Amino acid sequence: MSSNQGPQAEASAPPDRAGVEPPELLADLAWSLRDRDPPRADRVAQDLLARLGQRDDTGAASMRARAELVRAWAAMNAGHPAAAHLALDRARAGFTQLQDTKGLADTDLAAADLGLLEGDTAERVARLSAAEQAYQALGEVAAWSEVVSRRTAILLYQGKAAAARELAESALAAARRVADAPAEAAALYALALIALDRGTHALALELFDQALALARAESLRVLEGFCLANRAVCRSRMRDQLGYLAGLNQALAVWRGIGRTQQVGFVLNSQAFHYIRAGRLDRAEAALAEAWDLLSAGPRNRVVSTNRRYAGDLALRQGRVEDASACYAEGWRIAERLRQADLAVNCRRGQGQALSRLGRGAEALALMGEALALARETGNRVEGIIETLRAMAECHLAHGLPAADGTPAPLAAKALLEEALAVAEEVEGYTPPAEMRELLASILMAEGDHRAAAAQLAAALAAVRVGEDTERQERMAQAQADAELERARAMADVERRRAEEAASEARTLAMLGGIGQEVTASLELERVFETLHGRLGGLLDAPIVGIALLREADRRLDMPFLVAEGRRLHPVSHPLDSPSSLAARCLREGGDLLLAEEGEIAAAPLLPGLTRRPRTVAWQPLSVQGRMLGALTCQSFAPNAYGPRELDIIRTLSSYGAIALANAAAYEALDKALSELRETQARLVQQEKMAALGQLVAGVAHEVNTPVGIALSAATNLRDAIDRADADFRAGKLKRSALEELFADGREGTVLIERNAKRASQLISSFKEVAVDQTSDQRRQVQLGRYLEEVVTSLTPRLRRSGHAVRVEAPADLAVDSYPGALAQIVTNLVVNAVDHGFAPGEKGGILIEAAAQGAEMIRLTVTDTGRGVAPDIRARIFDPFFTTRRSQGNTGLGLHLVYNLATRRLGGGIAVESPAEGGTRFVVTFPRVAPQPQQGEGTEGLLTEP
């Protein structure tokens, strides 16, 4: 079962941890507990979700959805519809993805219960219908019986008793056919509700008892509570007030135990109803107020409507007529929206009675007429037809109002009372109130029909005797209930004192745990001591607190931390074998040291700086896994200041202090090693950058040598030709043809010189810009496409030797405000990485560098090669520092890690490596069009980090 609902009531919980069971066992446990112990089911479900973590297999998805469904029912159980909606949405999404028909049907059933909690009858009916169809198709008898118990209640509210009975009987037959005890319990409960609604109280009581026995046998706590509560209602209608009160208290204990807020409110409402009838208006007011505190912030459902109806009854009894009218009106609006006829009848009649008291008789009769019509339509006889007829008769007489057909008021009232008594005769075990017969007798007397009047008075006298017995029984029941209540209060006082002691211990443990976290969170010795000193002073009388630290190499105890009465004392030091040092004695003996006797304390030396001798001294070793680190002392000027509680606190905080000291020592050693590692890494990174720059210089120098050599040769040849022409001219041998040849050679030579000079200038300019960017790391605006071309130009010597073709594709107007040096280093390293690692020996391939805008604020830069690709195991580690597949060839494994740091830290972006479907490798760098400002102290090298 999940969360059985009855016609009088509605539906949630908190977290803790289960044991170390596997997730599958936790899933079964949470599901089985959802109706037996909803708060615990919720805690197990939370633990299950934590255990599943990021598992994405089918089994985990199913358990995750089932856990969310358990949490939704628990949220409803506690009266938290918003949380239930969220959990239900997650459960439905999970079951939908899994195509789990049973899971979706269970979700619909839970959604139906949520509809009841929120007073959404249409949603409840729709979800129940969907769940019913699914369960029938799956052959899930037990689940179908749960639907039946809910649908029965709805049909009864709607006055469709025959349909409800047919449905419940079919469910009972199916449950017994397959011997399903939970299903049988649900079906019996539904039939009991039908019998209670029809006024067949003996049958209802028998059916409730059968359902209750099965619910207890199957540990169905929610159904047990509903059976007890409605069984109590049945006892009340059978005039068994003792049974009524006992049943309500039993139901209240069950529902308080599983945290069902709505049902606790329901029982408090029922107790208020009893107190009103018994004339205990103060208790009724208290019960209604407590229920309203629980219910007012929640959805407007049946329990809230009932609370408003009884609040109206109470206000009417107390003479607060206008308050009564307002309460009835609010209760009627809720009942009308829920389409629950029984509540609507009671609230409408109550509103009419309040208006009658206010002198608005015609309006009162109109409202009570509506109530009567609805009661007749639904067959609600006792609280519906009989009580409304009586109220209408009283209104006719009070205001002298004739009936709608003109019948005088007395005759109209007489007809109404006679009809009420006739209906009462049909109700098993029901005795009409004596006041009703007395009112009819007064009308008959006025008509002169003394015989009929006498008969009515005789019947009224019998009713009075029954009433006296009932009142006596109610008084006895109330006295017994009061005695039980006092006994319960006395026991509760004892339990409360025990709980307070346990809570105090729990608070101390929780506080110590928090202090422990605070102490061990610090890696500075001074901070550790300040925390211990402050916390110890708040927990016990310790005006003197100190810590002694052991120097194992020198076998000495230093006391750098010592505070007495708020003053920091000078550090002291003792040999570990000092016979007078209490700290040394504590470490030598390896255990607690408590001095409370004046003789012992007087024999011990006074700590330097103290002006008076303490009267209680405690020393506690600071040790971790058997290794002594020092000792903690707490001292008081009061005698016998430290008992077991105080010593436990000192021991606990000493343990935390020892852990903190060990952590601080480990951190100091780690910090030193890390500093050395960072220095080494920084040197390696700088060497990597300088090596790349050196290769660039060598390559450019080689590349510039060619055009410079050609230009030099051309200039030499041109000079020789001019010298020859000059000699011929001086000798008078210069011919016209020779001069024309000189001009032609001059033009050709100057063109050759100019072209090669421009080529050399271009190479030098590209080198200078890229080299300066890589060394200065200045931020500036660049046209990304042109700059990438310059970077590739600077790599020409390396690329020419490899034989690979490199192409740049980028929009001409793509500008960035960033660090071009970092961009150049990234592209250089990625291209060199592709040349060195991407292709098989002798293979010729291509490298494509692409840059494009990605939205308004981001840039996407890719470097793609057509080589052999990267294996998955290498791809996972490719950005790790010092990872290389060619260490034997002198590679450091820092090139791509430097790229990662520059992309993520310098450019403020990210980098990923892909293996395209067509082959090869693609590095994807994304970074902001406008680079972020560097953080305080951030270097330009891109210190090594874990990607």
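Residues numbered from 1 in each chain as written. Predicted model: local features only at pLDDT ≥ 70, side-chain atom pairs only at ≥ 80, totals over all residues. Heavy atoms only, no water.

A closer look at the overall build of the chain
- When its secondary structure is counted, the chain shows 32 helices and 14 strands.
- Looking at the chain residue by residue over its 947 residues, the buried ones come to 48%.
- Of the accessible surface of the chain, which amounts to about 44100 Å², a share of 52% is contributed by carbon and sulfur atoms. (Helix = DSSP H or I, 4+ residues; strand = E, 2+ residues; numbered from the N terminus. Buried < 20%, exposed > 50% of the residue type's maximum accessible area, 1.4 Å probe, protein only. Areas by Shrake-Rupley, 256 points an atom, 1.4 Å probe, with all protein chains shown as cover.)

Observations regarding helix 19 (residues 381-399)
- In a regular helix each residue adds 1.5 Å, so 19 residues correspond to 27 Å; helix 19 covers 26 Å between its end C-alpha atoms and thus fits that length.
- At E387, helix 19 shows its largest bend, some 25°.
- Residues of helix 19 that are buried sit in contact with helix 9 (181-198), helix 17 (341-357), helix 18 (361-378), helix 20 (409-425) and helix 21 (434-447).
- Where helix 19 terminates, the next one or two residues include G400, which has phi positive at roughly 65°. (Expected span 1.5 Å × (residues − 1). Bend = angle between axes of the 7 residues up to and from the residue. Contact = heavy atoms within 4.5 Å.)

Observations concerning the environment of D342
- Topologically, D342 is positioned in helix 17.
- On a C-alpha basis, the gap between D342 and Q158 in space is 8.5 Å, while along the polypeptide they are 184 residues apart.
- Engagement of the side chain of D342 in a polar contact is seen with the side chain of R302, the distance being 2.5 Å. (Polar contact = N/O pair within 3.5 Å; in protein donor to acceptor, adjacent residues only side chain to side chain.)

Section: empty space enclosed by the protein
- Its boundaries defined by the atoms lining it, the largest cavity holds a volume of some 80 Å³.
- Lining the largest cavity we find 12 residues, and of these L116, T121, R124, L338 and Q340 sit closest to its centre.
- Within the residue set of the lining of the largest cavity, elements represented by two or more residues are helix 5 (101-118), helix 6 (121-138) and helix 7 (141-157).
- Its residues assigned to classes, the lining of the largest cavity comprises four nonpolar, five polar and three charged. (1 Å grid on protein atoms, 1.4 Å probe; cavity = no way out; pocket = protein on both sides within 12 Å on 5 of 7 lines; lining within 4 Å. Points joined across faces, edges and corners; volume = space filled by probe spheres on them. Nonpolar A, V, L, I, M, F, W, Y, C, P; charged D, E, K, R; others polar.)

Quick word on the packing of aromatic side chains
- Counting across every chain of the model gives nine aromatic pairs.
- Both rings, one in Y189 and one in F208, keep their centres 6.1 Å apart while their planes meet at 55°; by these two values the pair is tilted. Of this pair, Y189 sits in helix 9 while F208 sits in helix 10 (residues 201-217), and the two are 19 residues apart along the sequence. For the residue pair Y189 and F208, the accessibility class agrees, reading buried in each case.
- With 5.1 Å between their ring centres and 25° between their planes, F273 and Y310 make a pair best called stacked. (Phe/Tyr/Trp six-rings, centres within 6.5 Å; stacked < 30°, edge-to-face > 60°.)

Examining the nonpolar core
- By size, the foremost hydrophobic cluster in this structure holds 112 residues, and its most contacted members are L69, Y135, Y189, F208 and W255.
- For this core, the element with the most residues is helix 9, which contributes 12 residues.
- Listed in part, the 44 residues of the second largest apolar core include A851, I859, L861 and L898. (Core = buried A, V, L, I, M, F, W, Y, C linked by side-chain atoms within 4.5 Å.)

Remarks on the side chain of N301
- Examined against the element boundaries, N301 turns out to sit in the loop between helix 14 (281-295) and helix 15 (302-317).
- Judged by its relative accessible area of 0%, N301 is buried.
- Within polar-contact distance, the side chain of N301 engages the backbone nitrogen of V303 at 3.3 Å.

Focus on the pattern of salt bridges
- Summed over all chains, the structure comprises 47 salt bridges.
- With a closest N to O distance of 3.0 Å, D323 and R320 form a salt bridge. (Salt bridge = Lys/Arg side-chain N within 4 Å of Asp/Glu carboxyl O.)

A word on the packing of helix 19 against helix 21
- At a minimum axis distance of 11 Å, the contact between helix 19 and helix 21 shows a crossing angle of 40°. Judged by the angle between their axes, helix 19 and helix 21 are oblique. The hand of the helix 19/helix 21 crossing is left-handed. Two secondary-structure elements touch here, helix 19 through I386, R390, E394 and L397 and helix 21 through E435, M436, L439 and I443. (Axes fitted to C-alpha atoms, helices over the stretch in contact; angles between N-to-C directions. Parallel < 35°, antiparallel > 145°, perpendicular 65-115°, else oblique. Left-handed = near helix turned anticlockwise from the far one by under 90°.)

Brief notes about the environment of S145
- You can see S145 is positioned in helix 7.
- When sequence neighbours within four positions are dropped, the list of residues in contact with S145 reads A171, A175, A183 and A186.

Examining the environment of M436
- By the element assignment, M436 lies in helix 21.
- Residue M436 is classed as buried on the basis of its relative accessible area, which comes to 1%.
- Apart from residues no more than four positions distant in its own chain, M436 is found in contact with I386, R390, L417, A420 and L421.

What about helix 16 (residues 321-338)?
- Between its first and last C-alpha, helix 16 extends 26 Å over 18 residues, near the 26 Å set by a 1.5 Å rise per residue.
- Within helix 16 the residues assigned to the buried category are V321, A324, S325, C327, Y328, A329, G331, W332, I334, A335 and L338.
- Packed against the buried residues of helix 16 are helix 6, helix 15 and helix 17.
- One or two positions beyond helix 16, positive phi appears at R339, with a value near 60°.

Comments concerning unusual backbone geometry
- The backbone of Q99 shows a phi angle near 55°, a positive value even though the residue is not glycine.
- Relative to the elements of secondary structure, Q99 occurs in the loop between helix 4 (81-98) and helix 5.
- Relative accessible area serves as the criterion here: at 70%, Q99 is assigned to the exposed category.
- The phi torsion at R339 lies on the positive side, around 60°, for a residue other than glycine.

So, to be careful, I would describe these as geometric facts and stop short of saying anything about function.
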